[in-house]
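Tertiary structure, described
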Amino acid sequence: MFKFHIIRSISAALFIIVMAVSQPALSQTLSNQMDIRVLIDVSGSMKNTDPNDLRIPALQVLTQLIPTGSKAGIWQFADSPTVIVPHGVVNTQWQQQAAVAAQQISSTGQFTDIGAALKAASFNAQDQAQGRQLHVILLTDGMVDVSKDVAENKRARRALLETILQQYIDMGARVHTVGLSHKADVSTLVAMAQRTDGLFEVAVDADQLLDIFLRALDNTVITQQVPVQQLEQSFQVQLGVEYMTIVVEKNGDEQVEFKDGKQRIFGRQQTLANQQWQSSSTHDVIRVQNPTPGTWTLISDTATLKRVNVVGQLQILLEQSHQNIKVGQRSYIDVQLANEQSDLLSAEQLQGFNLKVVMDQGGKEVFNQQQAFVADTKTRMNLPALDQPGMYNLTISVVNGQLIRTINRSLRVHPIVAIQQNTTSVPVAEEVIVVSETSSNTASQTEELVVSNETASLELQALMEEQATVVVAAEIAEPETTTSQVETTQSNYWRWLIGGGAGLVLLLLLVMLRRTYKSPK
């Protein structure tokens, strides 16, 4: 009987081992949980670059659009950083606290210690272990300035770009930098964003702050939007929307009103029970729980409907491979669809859903492609290799009949590096000099930026020659390891580990069985 139990145990163990090794690995679900830390410069120079304190309404709108359930915190910094809104889970109470706290921003500091601000808002291993996507949004109008001693400022800048920034890179956190005016240290802000694969933009004046903040937020969180009919100032609400957030640029109209899906008129003074109205000096943000399906219309002679974010039964999980690439490099978008319980949709449920990606630069469309969703895996849209540097806008749409959800992202394409003449046959990496991009109003104010030490690949060299760009040294670039390759490697590793463990268990069981047969009756 004992021998029978041993044999049965071996059979059960072998069955479990075979199932573990042969069972196909399920697709890893993409994360849509965020941890966002916002850093606002309040040094004295901001009095000149932001005389009307437009940081305040821009920050108020930003905080109202961070999805509930995310984690977020806000710091202001000058000589030293201080907390404006404590880091915590975003809910109605957190957003109300943020709207009030933003009004306390002032420009009284003497210095601009960006390094200290990043230290104060840094992530740790526990933050990383929670599986949230980690992001920082940094606004400044100056450069690293911690002392009147020039040498000390240089040391602080070096520490920022090396030691401090490396901690963010190790955590997998993206730093999105916003320079207010071209007087900001653009080279430092570009390096911070590019090394962490974040977004960098310059606001020529404070009036542009909100639009840039929203682009930074779009590159940070996954915010589903419904299309807005700009001429009619209207949008469609369908069944299944749990709540929506409407952003209106008032343009001086303090009596903005809406018609809801039942054509009922309401405004800030006549909100219904399921509505919350948050007003700043420049914008109104309206949140509506369980909105009535139908056509909603803005009623105003001057106000503009900026965007409508929605949250409902359909979850869109998205991962962008890169937010910064070089001319000639490729990137991609991975998308999955899930229900409100975060369960991935089955093949049957995905019927009729299509992924559409449109890319434009300065309003000129450069890419437009659509494909059906694939079940039990990530649906990948490969983006084209781009031969012109600049900022590209991505509109990622999930479409199923009348149901349309869009997500906006940005992609920065950096110029190809120019390599200095090398008289030897061995390629030598020189300092890479790139000309920064400026607006049409300041096209003559180009700056030379030191970005990195690297040489051009053979493919990029050929592309550069087509553009009449001289390249005299090149090296073969290492092939990029894609997400799918990493997943395959990890899968093979676990299969090998399970197989090795299975062999060891089987060997031990066979030894026990042999001893049992040899033992006296």
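See the structure above.
Each chain has its residues counted from 1, running along the sequence as written. With pLDDT at 70 or above as the cut-off, local features in this predicted model cover only qualifying residues; side-chain atom pairs require 80 or more to be listed or tallied, and sums for whole chains, interfaces and linings still use all residues. The side-chain values count all of the structure's non-hydrogen atoms but skip hydrogen atoms and water molecules.

**Considering unusual backbone geometry**
Residues other than glycine seldom take positive phi values, yet Gln233 does so here, at roughly 55°. In this description a helix means any DSSP run of H or I spanning at least four residues, a strand means any run of E spanning at least two, and both kinds are numbered starting from the N terminus. The topology assignment puts Gln233 in the loop between strand S7 (224–225) and strand S8 (234–237). Phi is positive for Gln263, close to 65°, though the residue is something other than glycine. Looking at where Gln263 falls in the secondary structure, it is placed in the loop between strand S10 (257–259) and strand S11 (265–267).

**Looking at the pattern of salt bridges**
A pair can form between side chains of opposite charge whenever their charged atoms are brought close. When a carboxyl oxygen of Asp or Glu lies within 4 Å of a side-chain nitrogen of Lys or Arg, that pair is called a salt bridge. Throughout the structure, instances matching the rule amount to 15 salt bridges. Residues Asp53 and Arg55 are paired through a salt bridge, measuring 3.0 Å at the closest nitrogen-oxygen approach. Type-normalised accessible area, obtained with a 1.4 Å probe on protein chains alone, sets the label of each residue: buried when under 20%, exposed when over 50%, and partly exposed for intermediate values. Given the relative accessible area of 1%, Arg55 is considered buried. Several salt bridges converge on common partners, so that one network encompasses Lys250, Glu254, Arg268 and Asp284.

**Topic: helix H4 (residues 92–101)**
Taken together, the buried positions of H4 are occupied by Trp94, Gln95, Ala98, Ala99 and Ala101. Only heavy atoms enter the contact rule, under which two residues are in contact if any of them lie within 4.5 Å. Contact partners of the buried residues in H4: helix H3 (55–65), strand S2 (71–77), strand S3 (81–89), strand S12 (275–279) and strand S13 (283–289). The N-capping residue of H4, defined by a side-chain oxygen 3.2 Å from the backbone nitrogen of Gln93, is Asn91. Two N or O atoms count as a polar contact when they lie within 3.5 Å, although within protein this holds only if one can serve as hydrogen donor and the other as acceptor, and sequence-adjacent residues are included solely when both atoms are side-chain atoms.

**Focus: the sheet that holds strand S16 (residues 315–320)**
Paired strands, in this sense, are two strands between which DSSP finds at least two bridges. The 3 strands lie next to each other as S16-S18-S21, forming an open sheet whose pairing is antiparallel. Each having just a single partner strand, S16 and strand S21 (379–382) make up the two edges of the open sheet. Geometrically, the sheet is characterised by an average inter-axis angle of 20° between neighbouring strands, direction not taken into account. Relative to strand S18 (residues 332–338), S16 runs antiparallel, the two sharing 6 bridges. By the bridge assignment, Gln320 is partnered in S18 with Ile333. The angle between two axes is taken between their N-to-C directions and runs from 0 to 180 degrees, where each axis is a line fitted to C-alpha atoms and a helix contributes only its stretch in contact.

**Overview of the nonpolar core**
As used in this record, nonpolar core signifies buried Ala, Val, Leu, Ile, Met, Phe, Trp, Tyr and Cys residues forming a set joined through side-chain atoms within 4.5 Å. Ranked by internal contacts, the top residues of the largest apolar core, which has 72 residues, are Val335, Leu337, Leu383 and Leu411. Sequence-distant contacts of Leu383, defined by excluding residues within four places in its chain, comprise Arg330, Ser331, Tyr332, Ile333, Val357, Met359, Phe367, Leu394 and Leu411. Ranked by size, the runner-up nonpolar core spans 29 residues in total, among them Leu118, Leu134, Leu138 and Ala193.

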